[in-house]
Amino acid sequence: MSETSIKTGVIGNPIQHSLSPQIHNYWIQQNKLNTAEYQKVKIDISSAVDEIKKLIESGFRGLNVTIPFKELAYKLCDKVDEPIQKLKAVNTIVYKNNIITGYNTDPNGFINSINDQIKNNNIIHKNSLVFGAGGSARSIIYALNKMESNITVINRTAEKVELISKDLDIPLKIKSYEELNSIISNIDLIVNTTSLGMKNNHNLEIDFDKSKPNLHVYDLIYNPQQTKLLKDAEISGCTFQNGLDMLVHQAALSFFIWHGIYPTINEEIFSIIRESK
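Residues numbered from 1 in each chain as written. Predicted model: local features only at pLDDT ≥ 70, side-chain atom pairs only at ≥ 80, totals over all residues. Heavy atoms only, no water.

Student: I keep staring at the pairing of strand 3 (residues 62–65) and nothing clicks. Help me out?
Tutor: Regular strands have side chains that alternate between both faces of the sheet. Going residue by residue along strand 3, you find Gly 62 and Asn 64 tucked away on one face and Leu 63 and Val 65 tucked away on the opposite face as well. For strand 1 (residues 8–12) and strand 3, the ladder comprises four bridges, and the chain directions are parallel. Looking at the pairing, Gly 9 lines up with Leu 63 of strand 3. (Buried < 20%, exposed > 50% of the residue type's maximum accessible area, 1.4 Å probe, protein only. Helix = DSSP H or I, 4+ residues; strand = E, 2+ residues; numbered from the N terminus. Pairing = 2+ DSSP bridges.)

Shown next, in the form of structure tokens:
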């Protein structure tokens, strides 16, 4: 796909708080691409299919897809790669030769956002605990399994976890929130895919006194930059990170799919994002 033919953007609802334009337009300028500015487009839930088709007709050749349209985008695609057949969600689409191809850069974005030390000490053949069973959790569970982690999931409804386990063909231990502090001493990695743990939200009560000293806590939320969960982790001496790294790394994979260039990920891009919030 030649760089002059590409018109890209992100669709969602709500979409006003998306940081994707700042990321992609920085890379477009950095790589001196002769292509249109990356846009964010709010589309209506009731007419989403028609609106996506109109965007393609108007010249969009690449779209990022955010909530609540990832599952819908999957159904719209003419072609998807194998992981997406299991994930049943798409966050990146390409329109070329009258074919809509779907990708999901979330799993590899998550994997690429974690340094090798954490992977070796906290993930590979270690015990991970995931909070939530939504679309994000599905991608994280897929990624953790790819990294050969032993996965436990806590969610309000066990049925959703059972469905993920079946769809992805991944064995999962299922626990309740009431069992959290009885298993925490055996956990090496926590990944929060829910809104729990945010400011003024006390529903995720982890007793860090019982946790391993090298526990790593990963919260997919990046606004606020440090959730209550991450503040509690820091106070307890755990290593931690928010979702900004994953946001940038999954965006880099989308950028590569559209433009054929893997962009440089540096401190400047993170500074731009922080200033935009």
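After presenting the structure, the write-up continues.
Student: Quick question: what am I supposed to make of the packing of aromatic side chains here?
Tutor: Describing an aromatic ring pair means giving the distance of the ring centres and the angle of the ring planes. Throughout the structure, instances matching the rule amount to five aromatic pairs. Where Phe 256 meets Tyr 262, the ring centres are 6.4 Å apart and the plane angle is 50°; that geometry is what we call tilted. (Phe/Tyr/Trp six-rings, centres within 6.5 Å; stacked < 30°, edge-to-face > 60°.)

Student: Explain the sheet that holds strand 6 (residues 99–103) here, please?
Tutor: Read from one edge to the other, the open sheet built from six strands follows the order 2-1-3-5-6-4, with strand pairing classed as mixed. Sheet topology places strand 2 (39–42) and strand 4 (79–80) at the edges, where each strand pairs with a single neighbour. Here helix 11 (residues 244–259) sits on the sheet and contacts strand 1, strand 3, strand 5 (92–96) and strand 6; the angle it forms with strand 5, its principal contact strand, is near 5°. (Contact = heavy atoms within 4.5 Å. Axes fitted to C-alpha atoms, helices over the stretch in contact; angles between N-to-C directions.)

Student: Can you help me understand the environment of Thr 152 in this one?
Tutor: Within the secondary structure, Thr 152 is located in strand 8 (residues 150–154). In this structure, the C-alpha to C-alpha distance between Thr 152 and Ile 190, residues 38 residues apart in sequence, is 9.6 Å.

Student: Could you clarify how one ought to interpret the environment of Val 80 in this entry?
Tutor: Note on placement: Val 80 falls in strand 4. For Val 80 and Tyr 103, which are 23 residues apart along the polypeptide, the C-alpha to C-alpha distance reads 6.4 Å. Excluding residues within four positions of it along the chain, Val 80 makes contact with Tyr 74, Gln 85, Val 90 and Gly 102.

Student: Can you walk me through helix 8 (residues 158–168) in this structure?
Tutor: The α-helix advances 3.6 residues per turn, and as a result positions three or four apart in sequence lie on the same side. Taken together, the buried positions of helix 8 are occupied by Val 161, Ile 164, Ser 165 and Leu 168. The arc that holds every buried residue of helix 8, seen down its axis, measures 100°, which confines them to one face. Turned more than 90 degrees away from the buried face of helix 8, the exposed residues are Glu 159 and Lys 166. Of the surrounding secondary structure, the elements contacted by the buried residues of helix 8 are helix 4 (82–87), helix 7 (135–146), strand 8 and strand 9 (173–175). In the segment just after helix 8, Asp 169 is the residue with positive phi, at about 55°. (Arc of directions from axis to C-beta.)

Student: How do you make sense of the pattern of salt bridges when you look at a structure like this?
Tutor: Side chains that differ in charge, positive against negative, can pair when their charged atoms come close. On inspection of all chains with the given rule, the structure shows six salt bridges. Residue Asp 167 pairs with Arg 138 through a salt bridge whose shortest N-O separation is 3.0 Å. Of the two residues, Asp 167 sits in helix 8 while Arg 138 sits in helix 7, which places them 29 residues apart along the sequence. Its relative accessible area of 13% is what places Arg 138 among the buried residues. Connected through shared salt-bridge partners, Lys 88, Arg 138 and Asp 167 make up one network. (Salt bridge = Lys/Arg side-chain N within 4 Å of Asp/Glu carboxyl O.)

Student: Sorry if this is basic, but what is going on with the side chain of Asn 127 here?
Tutor: Within the secondary structure layout, Asn 127 lies in strand 7 (residues 127–131). The residues contacting Asn 127, other than those within four sequence positions of it, are Asn 122, Ser 149, Asn 150, Asn 186, Ile 187, Asp 188 and Leu 189.

Student: I would appreciate a short explanation of the pairing of strand 7 in the present structure.
Tutor: In terms of residue burial, strand 7 counts as a mostly covered element, since five of its five residues are buried. The alternating pattern of strand 7 places Asn 127, Leu 129 and Phe 131 on one face and Ser 128 and Val 130 on the opposite face, and all of these are buried. With five bridges connecting them, strand 7 and strand 8 associate as parallel partners. Across the sheet, residue Val 130 finds its bridge partner in strand 8, namely Val 153. For the segment spanning strand 7, helix 7 and strand 8, crossover handedness is right-handed. (Right-handed = clockwise from strand over helix to strand, strands pointing away.)

Student: Which parts of the structure should I look at to understand the sheet that holds strand 12 (residues 239–241)?
Tutor: Backbone-to-backbone hydrogen bonds pair the strands of a sheet. The strands run either parallel or antiparallel. In spatial order, the strands read 9-8-7-10-11-12; together these six strands make up an open sheet with parallel pairing. Unpaired on one side and paired on the other, strand 9 and strand 12 mark the two borders of the sheet. The average undirected angle you get between the axes of adjacent strands in this sheet is 20°. Across four bridges, the pairing between strand 10 (residues 189–192) and strand 11 (residues 216–219) is parallel. Looking at the pairing, Val 191 lines up with Tyr 218 of strand 11. Across the sheet, helix 7 is in contact with strand 7, strand 8 and strand 10; its angle to strand 7 comes to roughly 170°.

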